[in-house]
Amino acid sequence: MPLDPVPGLLSRATELLEAEFSALPSLAPAADTERMASVLEGVAHRLSDNYPYFHPLYAGQMLKPPHPLARAAYALAMKINPNNHARDGGRASSEMEIEAVRELAGMFGWSEYLGHLTSSGTLANLEALWVAGQAAGTRPGMRILASEQAHYTHHRISAVLKLPFSQVPADHRGRMRMDRLEAELKKGDVAAVVCTLGTTAIGAVDPLPQILALRERYGFRVHVDAAYGGYFKLIPDALDEPARSAYAAIAQADSIVIDPHKHGLQPYGCGCVLFRDPAEGRFYKHDSPYTYFTSKQLPPHANEPKSLAGGPGHLGEISLECSRAGAAAVALWATQQFLPLSPSGEFARGLAQGRAAALELDRRLRADARVQPLVAGHPELDIVVWKLQAESPDQSSQRARAIFDSCAAHDLHLALVQLPESWFAPADTGQNQVENTLVTCLRSVLMKPEHEAWLDRIWERYMAACAAPIGE
Ligand SMILES: *Cc1c(COP(=O)(O)O)cnc(C)c1O
């Protein structure tokens with residue numbers, strides 16, 4: 001039963017919750033339930049048109065199935081449908097959000113901070129860059145910089161915020177080039193640098209310690225986008241240098257984004273933004289006549305929402321979004337109760353298993369003469385990319401697409417990614433000619449703990465697909 005691994009988990013808890021409200025007069029039962037059931041049958045049929053994301057043979061995009069407990073907690077919270085905009089819309093779930101976010105901040109080494117959940121990593125990054133723009137304040141024209149391998153939304157977010165944006169070239173490992181960054185900093189108009197710990201394409205880790213050293217000299221904000229890679233903070237021993245040092249420096253960032261719905265076993269709708277300086281809550285000041293801030297209680301911690309008037313503490317007062325799913329906070333809280341964010345815990349072990357699977361797949365691919373791996377080295381996190389040997393980039397791209405299709409026909413789902421040809425070129429060839437040529441490569445994100453145990457079966461199917469690629 002891959003879709004319902006813990007039958008009965010939700011129904012038991014639903015009965016308990018139901019009992020808590022049993023003193024209320026009962027309501028009329030819902031009408032037209034037969035027609036609802038028949039529409040829902042149609043929904044089940046429609047939903048089958050999807051890749052089997054929940055299965056270990058899905059080893060393509062950055063899709064990790066939510067933990068069964070997270071799904072159950074989310075569904076249970078939906079019986080209430082709390083809104084974490086304000087305590088009046090979700091008292092319990094607001095508390096749970098504050099507690100869950102405290103644990104995330106603690107993972108990065110922060111006990112004093114400002115932070116909250118968001119609907120997504122994009123929204124979280126938007127808030128971080130919005131605060132960066134506000135902090136640059138009176139100096140118009142100040143730029144946001146990010147690597148060309150940073151998430152594509154940073155460019156778009158900067159446009160929305162009307163902040164000038166520039167790309168910094170990446171090296172052959174997909175890391176931001178420090179010489180090119182410094183050249184930009186010398187122009188004296190940089191408000192913030194986005195440092196990606198775990199790029200979406202290949203899981204590259206930007207050199208945070210060097211960026212922080214440049215901050216000393218040039219003065220700018222450092223925003224760490226760890227939407228995908230943030231949880232690797234828990235397993236430094238499983239990482240190689242220089243990624244390990246980058247993660248060790250994360251507490252010195254000005255803001256951090258992490259997506260519990262990427263690597264944190266959560267249903268979609270769960271990003272998180274954290275600011276090192278709790279006083280940055282001042283940028284969120286608003287004065288809405290129709291929101292319902294009623295709590296008079298002073299929050300005990302600096303990291304909790306604090307009204308600018310000095311009293312009420314509602315998450316909506318420190319967040320750009322208004323309504324937000326309280327269920328997302330409930331699911332995250334429950335998951336962190338069960339799988340604490342501890343370096344020695346089961347959750348961390350699951351991350352290490354995915355990473356081990358990635359290293360093993362990389363090792364096997366490097367031993368295959370038909371494959372051109374990244375010349376610069378092994379995966380930094382749990383994403384493997386490889387190019388197929390061929391006479392031209394076009395033929396290589398074609399071959400990648402054929403193997404991608406052939407793997408899918410063998411129930412193995414990989415992904416495709418466009419990367420610079422030069423990243424795969426032997427160091428002694430004239431890289432300048434191929435610098436800008438993009439080639440379609442195969443990509444596998446091995447982010448499920450089960451991927452390690454399934455690697456032989458993944459490899460078997462990959463080999464079978466390579467022996468008989470369709471479309472050639
Ligand atoms: C996925 C991702 C984002 C965007 O997050 P969403 O939750 O998809 O909006 C931003 N940055 C990085 C590095 C990511 O991997």
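In this text the structure is predicted, and so the values were computed from the model without any measurement. (Residues numbered from 1 in each chain as written. Predicted model: local features only at pLDDT ≥ 70, side-chain atom pairs only at ≥ 80, totals over all residues. Heavy atoms only, no water.)

1. What about the pattern of salt bridges?
Test applied: For salt bridges, the criterion is a side-chain nitrogen of Lys or Arg within 4 Å of an Asp or Glu carboxyl oxygen. The helix count covers DSSP runs of H or I at least four residues long, the strand count covers runs of E at least two residues long, and both are numbered beginning at the N terminus. The classification of residues rests on relative accessible area computed with a 1.4 Å probe and restricted to protein chains. Under 20% of the type maximum is buried, over 50% is exposed, and intermediate values are partly exposed.
By the definition in use, this model includes 19 salt bridges. The partner of Glu97 in a salt bridge is Arg324, and the shortest N-O contact between them spans 3.0 Å. Placement of the pair is Glu97 in helix α4 (residues 91-107) and Arg324 in the loop between β7 (271-275) and α11 (326-338), with a sequence separation of 227 residues. An identical accessibility class is assigned to Glu97 and Arg324; each is buried. A salt bridge links Asp179 to Arg177; the shortest N-O distance between them is 2.8 Å. Given a relative accessible area of 48%, Asp179 falls into the partly exposed group.

2. Here's the deal with the sheet that holds strand β4 (residues 190-196)
Just so we agree on the cut-off: Should DSSP find at least two bridges between two strands, the strands are taken to pair. Interaxial angles span 0 to 180 degrees and are taken between N-to-C directions of axes, which are lines fitted to C-alpha atoms, for helices over the stretch in contact.
The strand order across the open sheet formed by seven strands is β1-β7-β6-β5-β4-β2-β3, and the pairing between neighbours is mixed. Pairing within the sheet leaves two strands with one partner each, and these edge strands are β1 (114-118) and β3 (165-168). Across the sheet, the mean angle separating the axes of adjacent strands is 20 degrees when strand polarity is ignored. As paired elements, β4 and strand β5 (residues 221-226) share five bridges and run parallel to each other.

3. A short note on the nonpolar core
Quick note on the threshold: Side-chain atoms within 4.5 Å link the members of a nonpolar core, which is a set of buried Ala, Val, Leu, Ile, Met, Phe, Trp, Tyr and Cys residues. An automatic or database domain assignment provides the domain bounds reported here. By the convention used here, residues are in contact when the closest approach between their heavy atoms is within 4.5 Å.
Of all hydrophobic cores here, the largest spans 70 residues; its most connected members are Leu181, Leu197, Leu208 and Val224. No other element matches α4, which puts five residues into this core. Residue assignment places this core across two domains, with domain 1 (91-338) and domain 2 (346-467) each supplying three or more. Leaving out residues up to four positions away in the same chain, Leu181 has contacts with Leu145, Val168, Met176, Val193, Ile211 and Leu214.

4. Considering the pairing of β3
The test is simple: Note on handedness: a clockwise path from strand one over the helix to strand two, with the strands aimed away from the viewer, defines a right-handed crossover.
Pairing between strand β2 (residues 143-147) and β3: four bridges, direction parallel. Note that in β3 the partner of Ile144 across the bridge is Phe165. This β-α-β element, β2 to helix α6 (residues 153-160) to β3, shows right-handed connectivity.

5. So, the site of the ligand
Note the cut-off: If a single non-hydrogen atom of a residue is within 4 Å of a molecule or strand, that residue counts as near it. The definition of a polar contact used here is a pair of N or O atoms within 3.5 Å, where within protein one atom must be able to donate a hydrogen and the other to accept one, and adjacent residues in sequence count solely through side-chain atom pairs. Ten residues, namely Ala, Val, Leu, Ile, Met, Phe, Trp, Tyr, Cys and Pro, are considered nonpolar, four, namely Asp, Glu, Lys and Arg, are considered charged, and the remaining ones, Gly among them, are considered polar.
Taken together, 14 residues form the shell around the ligand, and within it Thr122, Asp225, Asp259, His261 and Lys262 come nearest. In this structure, an oxygen atom belonging to the ligand sits 2.5 Å away from a side-chain N or O atom of Thr122. At the level of elements, α5 (121-136) and α10 (260-263) are the ones that each hand at least two residues to the shell around the ligand. Counting residues per element, the shell around the ligand draws most heavily on α5, at three residues. Grouping the amino acids of the shell around the ligand by side-chain chemistry returns two nonpolar, nine polar and three charged.

6. A word on the domain arrangement of the protein
Threshold: Two parts lose some accessible area (1.4 Å probe) when they are put together, and adding that loss for both gives the buried area.
Partitioning the protein into domains gives domain 1 (91-338) and domain 2 (346-467). Across the contact, 30 residues belong to domain 1 and 22 residues belong to domain 2. Buried area between domain 1 and domain 2, both sides added, is near 2300 Å², and the carbon and sulfur share of it is 63%. Summed over the three residues of domain 1 that lose the most area to domain 2, namely His172, Arg173 and Ile202, the buried surface amounts to 32% of that side. Inspection of the domain 1/domain 2 interface yields two salt bridges. Residue Arg355 is joined to Asp240 by a salt bridge in which the shortest nitrogen-to-oxygen separation is 3.4 Å. Taken together, domain 1 and domain 2 are joined by eleven residue pairs in polar contact (both at pLDDT 80 or more). Going through the elements one at a time, α9 (243-248) and α10 are the ones with two or more residues in the side of domain 1 that touches domain 2. Taken together, the residues of the side of domain 1 that touches domain 2 break down into 15 nonpolar, ten polar and five charged.

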